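Residues per chain, in single letters:
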Amino acid sequence: MTDTITIRTPDDWHLHLRDGAMLRAVAPETARHFARAIIMPNLVPPVVTGAEAASYRDRILSALPEGSAFTPLMTLYLTEDTDPEDLARAHADGLITAVKLYPAGATTNSASGVANFDKVRPVLEKMAEIGCPLCVHGEVVDSDIDIFDREAVFIERVLDPIRRATPGLRVVMEHITTMQGVEYASEGGPELGATITTHHLVINRNHILAGGIKPHYYCLPVAKREEHRLALRRAATSGDPTFFLGTDSAPHTDANKLLPCGCAGCFTATNTLSILAEVFEQDGALDRLEAFTSFNGPKFYGLPANEGTITLTKGEPVTYPDHIDTGDGVVTVFDPMMPLHWRVVG
Ligand code: NCD
Ligand code: ZN
């Protein structure tokens, strides 16, 4: 039985680090095991210009522990007023790696997102021309669409038309949660990738809603039926280069989660690799963990895989903190509801 695995140092292709005291508390949790991460720009106010991305990157670098080699890969938040020339300059200067599309109102801090997709057509065309990938939060927000159908409807009504209208645009379907997402991504060719979170491999909607409401399992896109979770497990563990890890680790203080109208987000940075190793072992796919965490993402983004490695060993159940303290308050660490046996040892 395998009880040690060594893989290239992983990257996280979708991460929320926030700012200020929260940033200082959560950045080390990711930097401990990951070499790079795509940093989400949904601050308040959002990171919209190249200059804002540069200044946010500097704040992240100063929040890292002494000697950390972690590289934040910055993104811009696409608005209807985004200037294609500023975006192109930031991309050419290596300041940004991608641009994030939030449909207006879809999730936490998305009020400045896109409502009228025709307005961003020139920006998307510019991105296709310069080879800058678009990371997409794929949910429609129409009030007549059931929240559990938001992703499937988005693919049909928004994503597919955008891709047809913008040949050459590289797109990442972020945090897919449905079998429709898996299917569409796997048929999309090399210009289409998809990230899958750690928590969507573990929870389905029953975990949020059955036996009492569990705010710490509430995130967006919301977890779906069990058959969708199983489709995500098959995709993540398949080795298919379309699929790679984007944890969507999204810290909110307990004070902001445990409310009559609580925030969406699961904080998984602390125990993500132990959970993933457990999941891949359960599915007989430990030998494909590295593709998911360390090879498929860089390949999509046209970056080299990391040179370094990390080693995990299997043993007695791992202990990890159930929360971390931040200057803003306590953030609860995602509970995978199962013992974890794999620990990162170096
Ligand atoms: C994210 C956040 O808190 O910023 N929340 C979440 O549930 N995933 C926003 C997002 O990625 O949708
Ligand atoms: Zn996110």
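Everything below is about the structure shown above.
Residues numbered from 1 in each chain as written. Chains lettered and ligands numbered in written order. Predicted model: local features only at pLDDT ≥ 70, side-chain atom pairs only at ≥ 80, totals over all residues. Heavy atoms only, no water.

> Which residues make up the coordination of the zinc ion (ligand 2), and what values do they have?
The zinc ion (ligand 2) binds to the protein through His14 (NE2), His16 (NE2) and Asp248 (OD), with metal-donor distances spanning 2.0 Å. Geometry at the zinc ion (ligand 2) is irregular, judged from the four donor atoms that bind it and their angles of 91 to 138° at the metal. Sequence spacing of the donor residues for the zinc ion (ligand 2), all on one chain, is H-x1-H-x231-D. Here the residue histidine 14 occupies a position in strand β2 (residues 11–15), and aspartate 248 occupies one in the loop between β9 (243–245) and α9 (254–257), the gap between them amounting to 234 residues. (Donors = N, O, S within 2.8 Å, 3.2 Å for Na, K, Ca; no water. Tetrahedral: all angles 85-135°; square planar, octahedral: opposite > 155°, others 65-115°. Helix = DSSP H or I, 4+ residues; strand = E, 2+ residues; numbered from the N terminus.)

> I'd like to hear about the layout of surface pockets, residue by residue, with values.
Empty space among the atoms becomes apparent when a probe as large as a water molecule is rolled across them. One number sums up the size of the largest pocket: a volume of about 230 Å³. A breakdown of the residues in the lining of the largest pocket according to their chemical character gives four nonpolar, six polar and three charged. A volume near 160 Å³ is recorded for the second largest pocket. Every residue along the wall of the second largest pocket is listed here: Ile208, Leu209, Ile213, Pro215, Tyr218, Lys257, Leu259, Pro260, Cys261, Gly262 and Cys263. Of the residues belonging to the lining of the second largest pocket, the class tally is nine nonpolar, one polar and one charged. (1 Å grid on protein atoms, 1.4 Å probe; cavity = no way out; pocket = protein on both sides within 12 Å on 5 of 7 lines; lining within 4 Å. Points joined across faces, edges and corners; volume = space filled by probe spheres on them. Nonpolar A, V, L, I, M, F, W, Y, C, P; charged D, E, K, R; others polar.)

> Give a description of the sheet that holds strand β10 (residues 309–314) that names residues and reports values.
In space, the three strands of this open sheet follow the order β1-β10-β13, with antiparallel pairing throughout. Every interior strand has two partners, whereas the edge strands, β1 (4–8) and β13 (342–344), have only one. This sheet shows a mean twist of 25° between the axes of neighbouring strands, independent of strand direction. Examined bridge by bridge, β10 and β13 share three bridges and lie antiparallel to one another. Residue pairing in the sheet places lysine 314 in a bridge with tryptophan 342 of β13. Contacts between helix α10 (residues 272–282) and the sheet are confined to β10 and β13, with β13 contributing the most and set at about 140° to the helix. (Pairing = 2+ DSSP bridges. Axes fitted to C-alpha atoms, helices over the stretch in contact; angles between N-to-C directions. Contact = heavy atoms within 4.5 Å.)

> With reference to specific residues and values, describe the site of ligand 1.
Among the 15 residues in the neighbourhood of ligand 1, the closest are listed as Asn42, Thr107, Leu220, Asp248 and His252. Histidine 137 places a side-chain nitrogen or oxygen 3.4 Å from an oxygen atom of ligand 1. A distance of 2.7 Å separates a nitrogen atom of ligand 1 from a polar atom in the side chain of aspartate 248. Within the complex, 100% of the 310 Å² of free accessible area of ligand 1 lies under protein. With respect to the pocket detection grid, ligand 1 is positioned in the largest cavity. (Near = heavy atom within 4 Å. Polar contact = N/O pair within 3.5 Å; in protein donor to acceptor, adjacent residues only side chain to side chain. Areas by Shrake-Rupley, 256 points an atom, 1.4 Å probe, with all protein chains shown as cover. Sits in = over half its atoms within 2 Å of the grid points.)

> Provide a residue-level description of the sheet that holds β9, including the pertinent values.
Here we have eight strands laid out as an open sheet, ordered β2-β3-β4-β5-β6-β7-β8-β9, and parallel in their pairing. In this open sheet, the two edge strands, each paired with only one partner strand, are β2 and β9. Direction aside, neighbouring strands of the sheet carry axes that sit 30° apart on average. Relative to strand β7 (residues 171–173), strand β6 (residues 134–136) runs parallel, the two being bridged by three bridges. Within β7, the position partnered with cysteine 135 by the bridge is valine 172.

> Give me the lowdown on the pairing of strand β8 (residues 192–196), citing residues and values where you can.
Taken across its five residues, β8 has five buried, putting it largely inside the fold. In β8, alternate side chains face the same way, and those of Leu192, Ala194 and Ile196 on one face and Gly193 and Thr195 on the other are all buried. When β7 meets β8, the two strands line up parallel, connected through three bridges. Following the sheet pairing, methionine 173 is matched in β8 by alanine 194. Running through helix α6 (residues 179–186), the crossover from β7 to the neighbouring parallel element β8 is right-handed. Taken together, the three bridges between β8 and β9 define a ladder with parallel strand orientation. Paired with isoleucine 196 across the bridge in β9 is leucine 245. (Buried < 20%, exposed > 50% of the residue type's maximum accessible area, 1.4 Å probe, protein only. Right-handed = clockwise from strand over helix to strand, strands pointing away.)

> Run through the packing of aromatic side chains, naming residues and quoting values.
Summed over all chains, the structure comprises eight aromatic pairs. For the ring pair phenylalanine 244 and phenylalanine 300, a centre distance of 5.8 Å and an interplane angle of 35° mean the geometry is tilted. Of the two residues, phenylalanine 244 sits in strand β9 while phenylalanine 300 sits in helix α11 (residues 289–301), which places them 56 residues apart along the sequence. Comparing phenylalanine 244 with phenylalanine 300 shows no difference in burial state: the two are buried. On the basis of an interplanar angle of 80° and a centroid distance of 5.5 Å, the ring pair of phenylalanine 300 and tyrosine 301 is categorised as edge-to-face. Both residues of the pair, phenylalanine 300 and tyrosine 301, belong to the buried class. Grouped by ring-pair contacts, the aromatic residues Trp13, Phe244, Phe300 and Tyr301 constitute a single cluster. Between the NZ or CZ atom of arginine 170 and the centre of the ring of phenylalanine 300, over which it lies, the distance is 4.3 Å. (Phe/Tyr/Trp six-rings, centres within 6.5 Å; stacked < 30°, edge-to-face > 60°. Lys NZ or Arg CZ within 6 Å of the ring centre and 35° of its normal.)

> Account for the pairing of strand β3 (residues 36–39), naming residues and giving values.
Judged by which residues are buried, β3 turns out to be covered on both faces: Arg36 and Ile38 on one side and Ala37 and Ile39 on the other are all buried. As judged from the three bridges shared by β2 and β3, these two strands associate in the parallel manner. The residue of β3 that forms the bridge with aspartate 12 is alanine 37. The handedness of the β2 to β3 crossover, carried by helix α1 (residues 20–31), is right-handed. Alignment of β3 against strand β4 (residues 71–77), held across four bridges, turns out to be parallel.

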